[in-house]
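Each chain is listed here by its residues.
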Amino acid sequence: MDEWKYAHERWKDVVWMSQNTNTIPTDPAIIDAIISAAKERVYNLYPYKKGSFGLPEAIKDDLGLPDFDIHITNGGIEALYILNRALLSKGDEVIATDPSFLPIHHQMTLSEAKPVEIGIYADPYKMKAEQVNEAITDKTKMILLIDPLNPLGTDYRRNEVKAICEMAKDNDLWIVDDITYRDFSEDHTLTTDFYPEKSIVVYSFSKNCGMAGMRIGAMLAPPDVMKDLVKYDTNVLSVNVLAQRAALTALQTKENWLPNVLRISRNNQEKIKSAVEKIDGAFLPVFPSFTNMFVIDISELGIDPDKFEEKLLYDHDVFVRSGNYVSKRFGPKFFRVSFTVPEDHCDRFVEVLGPAIESLR
Ligand SMILES: Cc1ncc(COP(=O)(O)O)c(C=O)c1O
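As the structure is a computational prediction, the values presented were derived from the model and not from experiment.

S.K.: Could you clarify how one ought to interpret helix α7 (residues 158–170) in this entry?
M.R.: In an α-helix, one turn spans 3.6 residues, which is why side chains three or four residues apart end up on the same side. An ideal rise of 1.5 Å per residue puts 18 Å on 13 residues; α7 measures up with 18 Å between its terminal C-alpha atoms. On its buried face, α7 sits against α6 (129–135), β5 (140–146) and β6 (174–178). With its phi angle positive at about 55°, D172 sits one or two positions after the end of α7.

Here you go:
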C-alpha cells in the first residue's frame, strides 16, 4: 500500500510527525491573507518576478542581510536545485553528512557531482571541522551545512560555524547554509557572519510557520553570485502569489506565533523523552533537539524501522519516518519523529509508542 496515499486520504485524522512540517495553529492573519488574495483574484496575473512587494525585504530583514540578493522560490528545495545545478559539474565533490536530507544529495548527482558523506551518527552528532578538513580534496567544490540538522536535531555553535567557514575560505569553496530549521535553534549563526562572499543561504517557510503546502522559500546570495545562480532558475514565471502574500504576513506577525510554536514543540519533545525512557533499549541520541524533530534509536530492540513506520500509520494513524529515508548507513537503527504538532496529537503518539514497539519485538 502507498503510505502517502493512505495518510493524505485521511489527512485530518493523521498525526503528522513524518515530514517535520508544522500543524500547530499559527496566526489567523496568515489565513486571512490567503483568503483576501484569492478574493481579489490576484491569481489572474503572473506574480511580480522580484517577489510580492515587501516580501524580499521582509526575508532580508529577518536574517539581517540587507546587501544580499534574494530570489523567491517554490520552497527551499527549489533553491537547492538551482544552486546545485548552477555551481556543480562533473567530478566535483560536496562535503555533506550522513544522516542528512538526502534529496539534496540526489540533486548534486544530477550535476554529476558526488556528495562525500561524513558519518555523524555518533557524538556530537554533527560535522566537526577536523572531519571537514580531512574530507577536502582537490575536487571539493562545496560544503553543505544543514543547520540545524535534519534529522538529528543538532545545531552548530558559533565557533563551529566559524571553523567550517574558515576551512571553506582557505580552500575557496562554496558554502550552502541550509537554514530551513533556523527558528528552532536558540542561538543560530549564519555562515554569512564569517564568509559572506561564497555563502548561499537557503530559506524556508515550511517548518516554522507551517506553510509546507504553500511551497514557498528563498535563496539569498551576494549579487555577483546570484546573477550566475538565476541562469538556472526553473521557474521564470515566479512563485504562487497566494503563498507569497501568506509568507509576508507570516513574517509580519512572527512575534505572535513563533513563541507558541516553540513552547508546544519543546513540551512535546519532553513528553516524548519521558516515554522513550520507559522503553528498555530505546534511546534519544540527541536531546534537546534544536530543530522540530529528533531520532529515536531502536537498534537494540531488533525492530525494523520501516515496519515500525507502517505499524504506527496503519494501526494508529500516527505517521513517523523510518531512518532509511535520511541515512543509507545508519537508517536501520532509528526512526525520526517531529513534534511541531498539537499537544493532543503528541499524546496520541506517546500512548501508542510503547505498545507498538512491544508488538514488533
Ligand atoms: C534540510 C532541508 N532543506 C530543505 C528542505 C525543503 O524545504 P521546503 O519545504 O522549503 O522546500 C527540507 C524539507 O524537509 C529540509 O529538511
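S.K.: Can you walk me through the domain arrangement of the protein chain in this structure?
M.R.: Interface size is often expressed as the accessible area that is lost when the parts come together. Looking at the protein chain, the domain boundaries give domain 1 (3–25 + 255–360) and domain 2 (28–252). Each of domain 1 and domain 2 was reduced to a C-alpha centroid, and the two centroids are 25 Å apart. Between domain 1 and domain 2, the contact holds 26 residues from the first and 27 residues from the second. When contributions to the side of domain 1 that touches domain 2 are tallied by element, the ones reaching two or more residues are α10 (254–277) and β9 (293–297). If you tally residues by element for the side of domain 1 that touches domain 2, the top one is α10, at 4 residues. Taken together, the residues of the side of domain 1 that touches domain 2 sort by class into 12 nonpolar, 11 polar and 3 charged.

S.K.: How do you make sense of the environment of P332 when you look at a structure like this?
M.R.: Along the chain, P332 falls in the loop between β11 (321–322) and β12 (334–338). Residue P332 is classed as partly exposed on the basis of its C-beta count, with 16 C-beta atoms lying within 10 Å. Placed 308 residues apart in sequence, P332 and I24 show a C-alpha to C-alpha distance of 30 Å. If we ignore the near neighbours within four places in the chain, the residues touching P332 are P305, G323 and N324.

S.K.: Looking at this model, I keep getting lost on the site of the ligand. Mind explaining?
M.R.: In the vicinity of the ligand there are 13 residues, among which G75, G76, I77, S204 and S206 approach most closely. Here the shell around the ligand gets 3 residues from one element, more than from any other, and that element is helix α4 (residues 75–87). Its residues assigned to classes, the shell around the ligand comprises 4 nonpolar, 8 polar and 1 charged.

S.K.: Where do I start with the pairing of strand β7 (residues 199–204) in this structure?
M.R.: Of all 6 residues making up β7, 6 are buried, and the element is well covered by its neighbours. As defined by bridge partners, β6 adjoins β7 across 4 bridges and the pair is classed as parallel. Bridging from a neighbouring strand, I175 pairs with S199 of β7. The sheet contact formed by β7 and strand β8 (residues 217–221) spans 4 bridges and is antiparallel.

S.K.: What should I look at first to understand the packing of helix α2 (residues 28–39) against helix α9 (residues 241–252) in this one?
M.R.: The description of two packed helices rests on the angle between their axes and on the distance between the axes. It is at 8 Å that the axes of α2 and α9 come closest, and there the two elements cross at 150°. The pairing of α2 with α9 is recorded here as roughly antiparallel in orientation. Pair α2 / α9 crosses with right-handed handedness. Contact residues: A29, I30, A33, I34, A37 and A38 in α2; V241, L242, R245, A246, T249 and A250 in α9. Of the residues that constitute the contact of α2 with α9, the class distribution is 10 nonpolar, 1 polar and 1 charged.

Rules used throughout
- Residues numbered from 1 in each chain as written.
- Predicted model: local features only at pLDDT ≥ 70, side-chain atom pairs only at ≥ 80, totals over all residues.
- Helix = DSSP H or I, 4+ residues; strand = E, 2+ residues; numbered from the N terminus.
- Expected span 1.5 Å × (residues − 1).
- Contact = placed C-beta atoms within 7 Å.
- Domains from an automatic or database assignment.
- Nonpolar A, V, L, I, M, F, W, Y, C, P; charged D, E, K, R; others polar.
- Buried ≥ 20, exposed ≤ 12 C-beta atoms within 10 Å, placed from the backbone.
- Near = placed C-beta within 6 Å.
- Pairing = 2+ DSSP bridges.
- Axes fitted to C-alpha atoms, helices over the stretch in contact; angles between N-to-C directions.
- Parallel < 35°, antiparallel > 145°, perpendicular 65-115°, else oblique.
- Left-handed = near helix turned anticlockwise from the far one by under 90°.

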